[in-house]
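# Understanding the architecture of this molecule
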Amino acid sequence: TSASSLIMSTYASSGLIGIFLIIYISLLTLHSSVQFIFKNKRYNFYKDKFIASAILICLMLRSILESSYSVFSIDLIFFSLCVAIFNYKKENEK
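Residues numbered from 1 in each chain as written. Predicted model: local features only at pLDDT ≥ 70, side-chain atom pairs only at ≥ 80, totals over all residues. Heavy atoms only, no water.

Tracing the backbone through its elements, the reader meets aspartate 75 in helix α3 (residues 74–87). We classify aspartate 75 as buried; its relative accessible area is 7%. Distance in space between the C-alpha atoms of aspartate 75 and leucine 56 is 9.8 Å, their sequence separation being 19 residues. One polar contact links aspartate 75 to serine 68, side chain to side chain, over a distance of 3.1 Å. (Helix = DSSP H or I, 4+ residues; strand = E, 2+ residues; numbered from the N terminus. Buried < 20%, exposed > 50% of the residue type's maximum accessible area, 1.4 Å probe, protein only. Polar contact = N/O pair within 3.5 Å; in protein donor to acceptor, adjacent residues only side chain to side chain.)

In structure tokens, the structure reads:
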């Protein structure tokens, strides 16, 4: 099958359960990234999280037209790495 978007390729490979999971993960990540960028005013202190959030948003926009991180590729590696960086808590952030 030649599915070109994230939703189409997810539906072709895993059905409705996969679509619900990928939409949930994408919306949760998008909400966290957008909230961090627009609510946080201290970008200099959180440069790594700001860059990770920007990359996540770009990957999600790209997934509208391509099967970006729905298959194992460099996009999935970037997505996973950026989510790990974004969710990483430093000792002084507690």
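So much for the structure itself; the text now carries on.
This next bit is on the state of the cysteines. For the structure shown, the criterion picks out 0 disulfides. Cysteine cysteine 58 shares no disulfide, and the gap to the nearest cysteine sulfur, in cysteine 82, comes to 9.8 Å. Judged by relative accessible area, which is 52%, cysteine 58 ranks as exposed. (Disulfide = S-S within 2.5 Å.)

Before going further, it helps to spend a moment on the packing of helix α1 (residues 6–39) against α3. At their nearest, the axes of α1 and α3 sit 12 Å apart, and the two run at 50° to each other. Accordingly, the angle class assigned to the pair α1 and α3 is oblique. The element α1 and its partner α3 pack so that their crossing is left-handed. Of the residues in α3, those in contact with Ile25, Thr29, Ser32, Ser33 and Phe36 of α1 are Phe79, Val83 and Phe86. Split into classes, the residues belonging to the contact of α1 with α3 amount to 5 nonpolar, 3 polar and no charged. (Axes fitted to C-alpha atoms, helices over the stretch in contact; angles between N-to-C directions. Parallel < 35°, antiparallel > 145°, perpendicular 65-115°, else oblique. Left-handed = near helix turned anticlockwise from the far one by under 90°. Contact = heavy atoms within 4.5 Å. Nonpolar A, V, L, I, M, F, W, Y, C, P; charged D, E, K, R; others polar.)

With that out of the way, let us pick up the packing of aromatic side chains. Summed over the entire model, instances satisfying the criterion amount to 2 aromatic pairs. Between phenylalanine 36 and phenylalanine 86, the ring centres sit 5.6 Å apart and the planes meet at 90°, which makes this aromatic pair edge-to-face. Placement of phenylalanine 36 in helix α1 and of phenylalanine 86 in helix α3 is noted, with a sequence separation of 50 residues between them. Exposure remark for phenylalanine 86: the relative accessible area of 14% places this residue in the buried category. Measuring from centroid to centroid gives 4.2 Å for tyrosine 69 and phenylalanine 79, while their planes differ by 5°, and the two rings are stacked. Taken together, the positions of tyrosine 69 in the loop between α2 (47–62) and α3 and phenylalanine 79 in helix α3 put the pair 10 residues apart, joining distant regions of the chain. The exposure class of tyrosine 69 is buried, given its relative accessible area of 4%. (Phe/Tyr/Trp six-rings, centres within 6.5 Å; stacked < 30°, edge-to-face > 60°.)

Geometric descriptors of this kind do not, in isolation, establish any biological role.
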